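A structural walkthrough
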Amino acid sequence: MLLSMTIAFFVFTLNSCNKAEETPKVKNIIMLIGDGMGPTHIPSLMLEEQYAPTNFERAKRASFVTTYSHNNRVTDSAAAGTALACGEKTDNSVIGLTAEGDTLISNLAFAKALGMPSAIVVSCDITHATPASFYAHAKHRNERENIAAWLPNSGIDVIFGGGLTAFTNRGDSINLMNKFKENGYLVIDSLQQTEGITEGKVIGLFADEHLPSIVNGRGDMLPQATQKALDILTANSEKSGKGFFMMVEGSQIDFESHANNPKGIYGEMKDFDKVTGIAFDYADSHPGTLVIVCADHDTGGMSIPSCKTDFTLGESGVEYNFGSTSHTATMTPALFYGTGADEFGAIIDNTDIAKKVRELLLTRN
Ligand SMILES: [Zn+2]
């Protein structure tokens, strides 16, 4: 009798432990998007690093992701960004709207409505298609000034990237940086100026358009800006008592892949891997943090064949071949780390990522 009661107690305890493990709170969501990062980009980094461990390899789960848009099997960053931000397919070039023109709510806007602090950190013009999909609504990605006008009222706590002229040199002569000041933002023009900033709202647009590429001297801007944004979000999050939502884009993987430039791709992938390491470290020290590393689409159709076709030989060197100077229809990788990482399927659609994030925001935060 005593034994069966003891067993029953252990089974009960075990079950409740399992239950607790099954439904941990997902407090913070960090979404890292490698623009143009196809299936061969991570392998190319591993190869260039002589198979020294990369941060990507720390991921606990990996998936393949379909990226087709509403009107094209080969997506662009606008339709793919909208899918990742809002969970709906739309036409290429469309930002934050359905193909019929209805307004979509991004997970960032949704998180904000729940009272969660948020951040966007990119190495491109902040009005570019991927980041724009998280805060703007536009029929065409080229509507740069229209897209910019959405940002000052977005409520996003931390904004780091490029694209200053979309805010200061406009057809309507309005200086949108003043609008940020009116809305309580600290406006800075270099990352060094963030040194004393520990909380609150801050915008730093560090280039007129895109920041330089890694090979042209961008340095550690993206990893440093990511770390700073995390520090500020952590403080804001403690104040609000809510978790945060953050999107960081490795924007220029796409540019170097359009250029079919292996050296440039290596530089941008190494940079994005550093960002991934920072996010994974944060998840390690802050339980309840989910990190998603994904791509909007593949760019370049890169392959890495041996220099010699005789595969019976030993090492014969490898080369980088490109099937395209544009985007492709291939599936892209997605990596997951931290709380909730095991919620994602193995072969999924880009909209599934956003839908799952929405579900986690609704049920677990
Ligand atoms: Zn592209």
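Conventions and cut-offs
- Here the residue index of a chain counts from 1 through its sequence in written order.
- Residue-level local features of this predicted model are given only where pLDDT is at least 70; pairs of side-chain atoms are given and counted only at 80 or more, and the full residue set underlies all totals for whole chains, interfaces and linings.
- Each side-chain value is worked out from all heavy atoms of the structure, with water and hydrogens disregarded.
- Secondary structure follows DSSP: runs of H or I at least 4 residues long count as helices, runs of E at least 2 residues long count as strands, and numbering of each begins at the N terminus.
- Atoms considered for the radius of gyration are the C-alpha atoms alone. The globule rule reads 2.2 Å times the number of residues to the power 0.38.
- Think of it in three bands: with a 1.4 Å probe and only protein chains considered, a residue is buried below 20% of the maximum accessible area for its type, exposed above 50%, and partly exposed in between.
- Working rule for contacts: check all heavy atoms of both residues, and any pair within 4.5 Å makes them a contact.
- Per-residue and other accessible areas follow the Shrake-Rupley method at a 1.4 Å probe size, with only the shown protein chains counted as cover for residues.
- His is not counted, nor are the chain ends; Lys and Arg add positive charge and Asp and Glu add negative charge.
- Here the site of a charge means atom NZ of a Lys, CZ of an Arg, CG of an Asp or CD of a Glu.
- Polar contacts, as used here, are pairs of N or O atoms within 3.5 Å; protein pairs need one atom able to donate a hydrogen and one able to accept it. Residues neighboring in sequence count only if both atoms are side-chain atoms.
- Donor criterion used throughout: N, O or S atom within 2.8 Å of the metal, extended to 3.2 Å for Na, K and Ca. Water excluded; incomplete-looking sites may result.
- Under this scheme a four-donor centre is tetrahedral when all angles range from 85 to 135 degrees, a four-donor centre is square planar and a six-donor centre octahedral when opposite donors are above 155 degrees with the rest from 65 to 115, and any other centre is irregular.
- Here the nonpolar core consists of buried residues drawn from Ala, Val, Leu, Ile, Met, Phe, Trp, Tyr and Cys, with membership extended through side-chain atoms lying within 4.5 Å.
- To obtain an axis, a line is fitted to C-alpha atoms, over the contacting stretch when the element is a helix, and the angle between two such axes runs from 0 to 180 degrees between their N-to-C directions.
- Oblique is the label for any angle not covered by the other classes, which are roughly parallel (under 35 degrees), roughly antiparallel (over 145) and roughly perpendicular (65 to 115).
- Under the scheme applied, nonpolar residues are Ala, Val, Leu, Ile, Met, Phe, Trp, Tyr, Cys and Pro; charged residues are Asp, Glu, Lys and Arg; polar residues are all the others, including Gly.
- We count a salt bridge whenever a side-chain nitrogen from Lys or Arg sits within 4 Å of a carboxyl oxygen from Asp or Glu.
- If DSSP finds at least two bridges between two strands, the strands pair.

Description of the overall build of the protein chain
Assigned secondary structure in the protein chain consists of 12 helices and 14 strands. Its C-alpha radius of gyration of 21 Å places the protein chain within 12% of the 21 Å reference for a compact globule of 365 residues. In the protein chain, which comprises 365 residues, the share counted as buried stands at 53%. In the protein chain, 74% of the contacts between residues at least 6 apart in sequence involve partners at least 24 apart. Of the roughly 15700 Å² of accessible surface on the protein chain, a fraction of 54% belongs to carbon and sulfur atoms. Here the protein chain holds 28 positive side-chain charges and 43 negative ones, and the gap between their average locations is 6 Å.

Examining helix H3 (residues 77–86)
Given 3.6 residues per helical turn, the α-helix brings residues three or four places apart onto the same face. In terms of burial, H3 is a largely internal element, 10 of the 10 residues being buried. For H3, the complete set of buried residues consists of Ser77, Ala78, Ala79, Ala80, Gly81, Thr82, Ala83, Leu84, Ala85 and Cys86. Contacts made by the buried residues of H3 are with strand S1 (28–34), helix H4 (107–113), helix H5 (129–135), strand S8 (289–295), strand S12 (327–328) and helix H12 (350–363). Of the residues flanking the start of H3, the one acting as N-cap is Asp76, its side-chain oxygen 3.3 Å from the backbone nitrogen of Ala78. Phi turns positive one or two residues past the end of H3, at Gly87, with a value near 80 degrees.

With respect to the coordination of the zinc ion
Each protein donor to the zinc ion is listed here as Asp254 (OD), Asp254 (OD), His258 (NE2) and His327 (NE2); together their distances run 2.1 to 2.4 Å. The site at the zinc ion holds four donor atoms, and with the angles between them running 56 to 158 degrees, its shape is irregular. Along the chain, the residues donating to the zinc ion are arranged with the sequence spacing D-x3-H-x68-H. With His258 in helix H10 (residues 252–258) and His327 in strand S12, this residue pair connects regions lying 69 residues apart in the sequence.

Description of the nonpolar core
Membership of the largest hydrophobic core comes to 52 residues, with the highest contact counts inside it found for Met31, Phe167 and Ile353. Counting residues in each nonpolar core, the second largest holds 44 residues, with Leu211, Leu222, Ile232 and Tyr337 among its members.

A short note on the packing of helix H2 (residues 41–48) against helix H11 (residues 262–285)
Packing of H2 against H11 leaves a shortest axis separation of 10 Å and a crossing angle of 95 degrees. The angle between H2 and H11 places the two elements in the roughly perpendicular class. Along the contact surface, H2 presents His41, Ile42, Ser44, Leu45 and Glu48, while H11 presents Ile265, Tyr266, Met269, Lys270 and Asp273. Grouping the amino acids of the contact of H2 with H11 by side-chain chemistry returns five nonpolar, two polar and three charged.

Examining the pattern of salt bridges
Summed over the entire model, instances satisfying the criterion amount to 14 salt bridges. Asp76 serves as the salt-bridge partner of Arg141, at 2.9 Å between the closest nitrogen and oxygen. Here Asp76 lies in the loop between strand S2 (61–66) and H3 and Arg141 lies in the loop between H5 and helix H6 (144–150), a separation of 65 residues in the sequence. A residue is classified by how much of its surface remains accessible, and Arg141, at 22% relative accessible area, is partly exposed.

Some points on the sheet that holds S2
With mixed pairing, the 10 strands of this open sheet are ordered in space as S5-S6-S4-S3-S7-S1-S8-S13-S2-S14. Bordering the open sheet on either side are strand S5 (185–188) and strand S14 (347–349), each of which pairs with just one other strand. Along the sheet, successive strands turn relative to each other by an average axial angle of 20 degrees, direction set aside. Bridging between S1 and S8 involves seven bridges; their strand directions are parallel. Across the sheet, residue Leu32 finds its bridge partner in S8, namely Val293. Contacts from H12 reach S1, S2, strand S7 (245–250), S8, strand S13 (332–338) and S14 within the one sheet, and its direction differs from that of S14 by about 85 degrees.

Remarks on the pairing of S2
The sheet contact formed by S2 and S13 spans five bridges and is antiparallel. Among the inter-strand pairings, Val65 is bridged to a residue of S13, identified as Thr332. Pairing of S2 with S14 involves three bridges; the strand directions are parallel. Looking at S14, one finds that Phe64 is bridged to Ile347.

Function-wise, these values are silent; they only describe arrangement.
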